[in-house]
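Okay, here's what each chain looks like letter by letter:
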Amino acid sequence: MLLTIRNLTYRTDGKTLLDDLSFQVKCGEFLTIIGPNGAGKSTLLKCLDLILADWTGTILLDGTPLKKIPQLQLAQRIAFVQQSVSTLFAFTVRQLVEMGRFPHLAWLATLTEHDKEIVDDAMRAMGIVHLADRTVETLSGGEMQKVHLATALVQQTDLLFLDEPTTYLDYKYQSEIARQLRMINQEQRKTVIEVTHDVNRALLDATHVIALSEGKIVFDGSPGDLMDTGALRRIYGIDFQFADHPSLPLKIVVPGT
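Residues numbered from 1 in each chain as written. Predicted model: local features only at pLDDT ≥ 70, side-chain atom pairs only at ≥ 80, totals over all residues. Heavy atoms only, no water.

Chemist: Can you tell me about the sheet that holds strand β9 (residues 208-213), naming the residues and giving the values?
Modeler: Pairing in this open sheet of six strands is mixed, and the strands run β6-β7-β8-β3-β9-β10 from one edge to the other. With partners counted over all chains shown, the strands left at the sheet margins are β6 (78-81) and β10 (216-221), one partner each. The average angle at which neighbouring strand axes cross in this sheet is 15°, direction not considered. Where strand β3 (residues 30-34) meets β9, four bridges bridge the pair, whose relative direction is parallel. Residue pairing across strands places Ile-34 opposite Ala-211, the latter belonging to β9. Relative to the sheet, helix α5 (residues 141-154) contacts β6 and β7 (159-163), its axis offset from that of β6 by approximately 170°. Strand contacts of helix α9 (residues 229-236): β3, β9 and β10, with the helix running at about 155° to β10, the strand carrying the most contacts. (Pairing = 2+ DSSP bridges. Helix = DSSP H or I, 4+ residues; strand = E, 2+ residues; numbered from the N terminus. Axes fitted to C-alpha atoms, helices over the stretch in contact; angles between N-to-C directions. Contact = heavy atoms within 4.5 Å.)

Chemist: Summarise the pattern of salt bridges; cite the residues concerned and give the values.
Modeler: In this structure the tally under the stated criterion is 15 salt bridges. Between Arg-77 and Asp-158 there is a salt bridge, and its shortest N-O distance comes to 2.9 Å. Linking Arg-77 in the loop between α2 (71-75) and β6 with Asp-158 in the loop between α5 and β7, this pair joins segments that are 81 residues apart in sequence. For Arg-77, a relative accessible area of 21% corresponds to the partly exposed category. Taking relative accessible area as the criterion, Asp-158 reaches 29% and is therefore assigned partly exposed. (Salt bridge = Lys/Arg side-chain N within 4 Å of Asp/Glu carboxyl O. Buried < 20%, exposed > 50% of the residue type's maximum accessible area, 1.4 Å probe, protein only.)

Chemist: Can you lay out the environment of Tyr-10 for me, pointing to particular residues and giving the numbers?
Modeler: Following the sequence through the fold, Tyr-10 ends up in strand β1 (residues 3-12). As a C-alpha pair, Tyr-10 and Leu-181 span 171 residues in sequence and 29 Å in three-dimensional space. Discounting chain neighbours no more than four positions away, the residues touching Tyr-10 are Lys-15, Thr-16, Leu-17, Leu-18, Thr-43, Cys-47, Leu-52, Asp-54 and Trp-55.

Chemist: Just give me the short version of unusual backbone geometry, but keep the residues and values in it.
Modeler: For Asp-13, which is not glycine, the phi torsion reads 50° and is therefore positive. For Asp-13, a relative accessible area of 77% corresponds to the exposed category. One non-glycine residue, Gln-156, lies in positive phi territory at about 55°. Here Gln-156 is to be found in the loop between α5 and β7.

Chemist: Please set out the packing of α5 against helix α6 (residues 171-186) residue by residue, giving values where relevant.
Modeler: Closest axis-to-axis distance for the α5/α6 pair is 10 Å, and the angle between their directions is 10°. Relative to α6, the element α5 lies roughly parallel. In this structure, α5 meets α6 at a crossing whose hand is right-handed. Two secondary-structure elements touch here, α5 through Gly-142, Glu-143, Gln-145, Lys-146, Leu-149 and Leu-153 and α6 through Tyr-173, Glu-176, Ile-177, Leu-181 and Ile-184. Its residues placed into classes, the contact of α5 with α6 shows six nonpolar, two polar and three charged. (Parallel < 35°, antiparallel > 145°, perpendicular 65-115°, else oblique. Left-handed = near helix turned anticlockwise from the far one by under 90°. Nonpolar A, V, L, I, M, F, W, Y, C, P; charged D, E, K, R; others polar.)

Chemist: Explain the packing of aromatic side chains to me, and be specific about the residues and the numbers.
Modeler: Per the stated rule, a full pass over the model turns up two aromatic pairs. Between Phe-80 and Phe-161, the ring centres sit 6.3 Å apart and the planes meet at 75°, which makes this aromatic pair edge-to-face. Taken as a pair, Phe-80 in strand β6 and Phe-161 in strand β7 lie far apart in primary sequence, 81 residues in all. Of the two residues, Phe-80 and Phe-161, neither departs from the other in class, the shared state being buried. Measuring from centroid to centroid gives 5.7 Å for Tyr-236 and Phe-240, while their planes differ by 55°, and the two rings are tilted. (Phe/Tyr/Trp six-rings, centres within 6.5 Å; stacked < 30°, edge-to-face > 60°.)

Chemist: Explain the nonpolar core to me, using residue names and the numbers behind them.
Modeler: With 46 residues, the main nonpolar core has Val-93, Val-97, Ile-128, Val-147, Leu-160, Leu-181 and Leu-226 as its most contacted residues. Ranked by residue count, the leading element in this core is α5, at seven residues. Each residue touching Ile-128, except ones within four places of it in the same chain, is listed here: Val-93, Val-97, Met-123, Lys-146, Val-147 and Ala-150. (Core = buried A, V, L, I, M, F, W, Y, C linked by side-chain atoms within 4.5 Å.)

Chemist: Could you give an account of the pairing of β3, with specific residues and numbers?
Modeler: For β3, the buried fraction is high: five of the five residues fall into the buried class. Going residue by residue along β3, you find Phe-30, Thr-32 and Ile-34 tucked away on one face and Leu-31 and Ile-33 tucked away on the opposite face as well. Judged from the four bridges that link them, β3 and strand β8 (residues 191-195) form a sheet pairing that is parallel. Bridging from a neighbouring strand, Leu-31 pairs with Ile-193 of β8.

Chemist: Residues and numbers for the sheet that holds β1, please.
Modeler: Ordered in space as β2-β1-β4-β5, the four strands form an open sheet in which the pairing is antiparallel. With partners counted over all chains shown, the strands left at the sheet margins are β2 (15-25) and β5 (64-65), one partner each. As paired strands, strand β4 (residues 56-61) and β5 are joined by two bridges and run antiparallel to one another. From the neighbouring strand, Leu-61 faces β5, where its bridge partner is Thr-64. Those strands touched by helix α1 (residues 41-48) are β1, β2 and β4, and its axis lies near 65° from that of β2.

Such coordinate-based values are descriptive only and should not be taken to indicate function.
As structure tokens, then:
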């Protein structure tokens, strides 16, 4: 099992944000974490990447306790794309993407030709080669998110964490980034864990869905099992209706009125 989480609890300022969570993630899965605002979704991702480390319970990565893995080794296993990342300096796109290679470099070492090829491949995969010499503050939100994904790709990790990667993006970029994430999962065989508010994205992309509500797991199963108005009501507190997808043989959901 790639990730094993047992009795994970996180408290801060007298509040319990994650309450006794237990679940597993298999290698190659596309796990989507859904739930209402304040449910603990982003907090969970940060615990799994040790951005937050003062949790209790057990998190194992390939059977090794997460807190026993040195930070550099962890950066070679897990790449994290946050919802919004600001930069203090006017890096070019290429310079920012190259930073994803740092976990694989010796102290003060420069990029090798092999490293540069990896950077080129990631930029081509994300369709941002034409942006290479642009400074990051000139990019749109969708372009910037593609740059962050390319930076994560050059880390060459086997786990990719994404915290609402398409929030605030227009439909064009939402579609392009969702397509790239499916390719990363299916063709590159990376295990993807994505936090999203979009239930339909979970139905279209995920192989495994976990839903949180008030810091607790209220659903853990397949996307197909989620297609039940009772399950969705337990998660969101409202009724949902179902409709046929216009081009795929599956159902999608719309909030009830």
